[in-house]
Amino acid sequence: MVDSDPEHGGLYRSDDRGATWTHAGKDPRIWTRGWYFSGIAVDPKNADVVYAMDTATYRSTDGGKTFDAIRGAPGGDDYHSLWIDPDDPARMILGSDQGVVVSVDGAKTWSSWYNQPTGQFYHVATDDAFPYALYGAQQDSGAAAAPSATKYQTISQQDFRPVDVGGESGDLAPDPLHPGFVFGGTVTVENLATGWEQNVDPTLAYPGTIWRSTWTLPLVFSPADKRTLYFGHQRMFRSRDHGKTWQIVSPDLTRDGIAPPANLDASTIADNTGLNRRGVIYAIAPSPLDARLTWAGTDDGYVWVSRDDAAHWQNVTPPSLTPWSKVGIVEAGHFDAKTAYLAVDRHRLDDLRPYVYRTHDGGATWTLVASGIPDGSFVNVVREDPTRAGLLYAGTERGVYVSFDDGDNWQSLQRNLPVTSVRDIAIHGDDIAIATHGRAFWIMDDVSSLRQIAAMPGSDATQLFVPATAYRTRPGSEEGTPLPLDEPQAQNPPTGVIIDYALQRETSPVAIDVIDAGGKTVRHYSSAAPEKATDPKNVDIAPVWIAAPQVLATSAGAHRFVWDFHVTDADGPLAPPGTYAIRLTAGGRTYERTARVVRDPRIAATDAALREQYALATRIEALEDRVDTESARARALQKNAHLAPADREALENDVIGSPPSADPDDSVGKPSHDFTSFLYLKGALGNLEAAVESADAAPTPDMNAAYGKLDAIFEETLGKMDRLEGAVQ
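None of these values were measured; they are calculated from a predicted model. Throughout this document, residue positions are counted from 1 along each chain, in the order its sequence is written. In view of the model being predicted, local features appear only for residues whose pLDDT reaches at least 70, and side-chain atom pairs are presented and counted only at 80 or more, with totals across whole chains, interfaces and linings using the full set of residues. Just so you know, side-chain values use all the structure's heavy atoms and leave hydrogens and water out.

> Can you help me understand the packing of aromatic side chains in this one?
Any pair of aromatic rings gets described here by the distance separating the centres and the angle formed by the planes. Any two rings among Phe, Tyr and Trp, with Trp reduced to its six-membered ring, count as a pair given centres within 6.5 Å; such a pair is stacked if its planes are under 30 degrees apart, edge-to-face if over 60, and tilted if neither. Considering all chains together, one arrives at 17 aromatic pairs under this definition. Between Phe-181 and Trp-196 the ring centres are 6.3 Å apart and the planes differ by 75 degrees, which places this aromatic pair in the edge-to-face class. Note that Phe-181 is positioned in strand β16 (residues 181-184) and Trp-196 in the loop between β17 (188-191) and β18 (197-199), a separation of 15 residues in sequence. For the exposure calls, accessible area comes from a 1.4 Å probe over protein chains only, and a residue counts as buried if that area is under 20% of its type's maximum, exposed if over 50%, partly exposed in between. The exposure class of Phe-181 is partly exposed, given its relative accessible area of 22%. Here the aromatic rings of Trp-563 and Tyr-580 are separated by 5.2 Å at their centres, their planes lie at 65 degrees, and the arrangement is edge-to-face. Taken as a pair, Trp-563 in strand β44 (residues 557-563) and Tyr-580 in strand β45 (residues 578-586) lie far apart in primary sequence, 17 residues in all. Each member of the pair, Trp-563 as well as Tyr-580, carries the same accessibility label: buried. Over the ring of Tyr-355 we find Arg-346, and its NZ or CZ is 5.6 Å from the ring centre. We count a charge as sitting over a ring when the NZ of a lysine or the CZ of an arginine lies within 6 Å of the ring centre and within 35 degrees of the ring normal. Arg-619 extends its terminal NZ or CZ atom over the ring of Tyr-707, reaching a point 5.6 Å from the ring centre. Where helices and strands are cited, they refer to DSSP runs of H or I of at least four residues and of E of at least two residues respectively, numbered from the N terminus.

> In this structure, what is going on with the sheet that holds β44? I would like to understand it.
Sheet strands line up and pair through hydrogen bonds in the backbone, either parallel or antiparallel. In this description, strands pair whenever DSSP reports at least two bridges between them. Across the sheet, 3 strands lie side by side as β38-β41-β44; this open sheet has antiparallel pairing. Lying at the two open borders of the sheet, with one neighbouring strand each, are β38 (463-464) and β44. Sheet topology note: the strand β41 (residues 497-503)/β44 ladder contains 7 bridges and is antiparallel. Bridge pairing links Ile-498 to Val-562 in β44.

> Honestly, the pattern of salt bridges in this entry has me stumped. Any pointers?
Side chains that differ in charge, positive against negative, can pair when their charged atoms come close. Salt bridges are defined as contacts in which a side-chain nitrogen from Lys or Arg sits within 4 Å of a carboxyl oxygen from Asp or Glu. Applying the stated criterion to the full structure yields 33 salt bridges. With its nearest N and O atoms 3.6 Å apart, the salt bridge here joins Arg-358 to Asp-406. You can see Arg-358 sitting in strand β29 (residues 355-359) and its partner Asp-406 sitting in the loop between β33 (399-403) and β34 (411-412), a full 48 residues away along the chain. Residue Arg-358 shares its accessibility class with Asp-406, and that shared class is buried. Linking Arg-383 and Asp-424 is a salt bridge whose minimum nitrogen-to-oxygen distance equals 2.9 Å. In this pair, Arg-383 is assigned in strand β31 (residues 379-384) and Asp-424 in strand β35 (residues 422-428), connecting sequence segments 41 residues apart. For the pair Arg-383 and Asp-424, one class covers both residues: buried. One network of salt bridges, in which partners are shared, links Asp-225, Arg-227, Arg-238, Arg-240 and Asp-309.

> What exactly am I supposed to notice about the pairing of strand β5 (residues 57-60) here?
In the case of a regular strand, side chains alternate between the two sheet surfaces. With 4 bridges connecting them, strand β4 (residues 50-53) and β5 associate as antiparallel partners. From the neighbouring strand, Met-53 faces β5, where its bridge partner is Thr-57. The loop that links β4 with its antiparallel partner β5 comprises 3 residues. As judged from the 3 bridges shared by β5 and strand β6 (residues 68-71), these two strands associate in the antiparallel manner. The residue bridging Thr-57 from the neighbouring strand is Arg-71, located in β6.

> Explain the side chain of Asp-385 to me, please; I cannot follow it from the model alone.
In this fold, Asp-385 is placed in the loop between β31 and β32 (392-396). Polar contacts, as counted here, are pairs of nitrogen or oxygen atoms within 3.5 Å of one another; within protein the pair requires one atom able to donate a hydrogen and one able to accept it, and residues that are adjacent in sequence qualify only if both atoms are side-chain atoms. For Asp-385, the side chain forms a polar contact with the main-chain nitrogen of Arg-388, separated by 3.2 Å. Any two residues having at least one pair of non-hydrogen atoms within 4.5 Å are treated as being in contact. In this structure, Asp-385 is in contact with Phe-335, Leu-391, Tyr-393 and Arg-451, ignoring residues within four places of it in sequence.

Written as structure tokens, this is what we have:
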């Protein structure tokens, strides 16, 4: 395939191993934009069947003379590679920007690419909702928003929503002052609830200028002045009225007429449309500390800073940054206004080394701080943790790295992340969210332990880390039939207090206790007595649906355990908001930290209401325990040979209770006419507790009344059993 002019571009064919060639087909659909496409494949059993990949996939059955589109949507898919089974050409695998699809019938039908997390995101932004959402533009699949957690059991395609603004490459900026509105692209604003959108392109009011653009342009709200929105071409724009009006607040910040890079060959240099697309502001970083301070970086290697609300700009480029060095990200310091970090990409110069720069003097001097990030993994993004000075995160072409010493040394933070290009990082609360180019969005839940490690460098002793504040939420429910597990889905973040601990060496046993403000142990876990796994022989569902119980790890290293807010056991009442002590016992020593549990901010109930709920639920549980104890005593009495027949019948029917007879053909079951026995009370109390715990709310008057009535029935039945026991001959 040759990408050339209309006369020479197209498909060439050789039937003598390359000795001679014929121009088989000139169809421009198959060869234009050859720098991006140009994939071809030939049927291994029929040389006249040729496939060409472009914005559609085309097939020729006459040796390349004519082509028909066999796959390609109106939105413009991008296809790049096709594998054909050499033994069975009907079996094919087609690769595109959206993912991979498979055909087993010679391209008549194809599988879905929605069964794989292959989104190619350029940036990630988060909003202030609870749970928060992630926003980004993905190559050839449009912009999208995804929740960090859902009300369902998992996060799936049903929760992943398209966003019209942003397109496939633009930045997205959720409006911090107008929830539900998001800006994107170059620039459009959208109301996500209604779909209303308006083009508020900053260049509309400034005609007569050629505004240079590249594939991705920066769009960002100021964290210090949330009404201020910045956007960049070669000059910077600013709006302070929701995009209605824009002002140009910088001169052209790019280099003037740079020569092609020395590593570029002559023929590529000659293949130039004359359209100067490069030379743009590529990164804008308003300071979170000072609304008048703004940093900027360009795709041709300049760094600028303004300290007077963009009235004047100072070039503070590190001396080592030459033309064709792309300043991908500028990160303004969260603790010192004179601090900033740069992520610089020089792969256009065939330089794949990592470049992270740091300044602590406002850009007067810069230090290269990339030790530990291997060559071949150039850096796309660097971010500073907003709550721990010196804790940095970097995204590279091959993964994620962390530095605990302000960039002097880096180490991998890869964990379970696939090897993939990480293009952007956002720190939201206690989480790290990343945008990958090929593996969609990922979140590392709760990095509070990393922040604490940064405060005690070099320590390898046994540690119990201070848990992050936990929101008292509930596990998701499918509210009906669950999504089949063969559909693509991801886990929600853990529900509960996340307890991170590290063991210096193999230690057994390990125990964790949760203690309330009154000093009472409300939950105990031990590696010596782990929760029993469900026996699959005793359930009527496939074992794959049964979650394995948590096990306290005892090996050396860092571990995570989650207290699920339940007291007593996994079925006990939910603990109310409050302060709890988390106690770790390991190696004969005890470590204790404090955990805060706060109510779900979406609910109307007060903390006092949730304490009322907890009080009633624990009273119900206590009564259930009494029912169990007295039921066991009644069964022991039932075995007494000296009990009169009439008394035995009364004991069995009125005190112990008998379940209604089962009917295999009846899925509803027969109602019980027993309203006094311990068996009835056990079921009624269980139903009442489920109702009390069904919502984050104070118990209703009927719930309190029901408890009183059931308590009275219990006392009456207990008295009846006492009388029967006294009548034993």
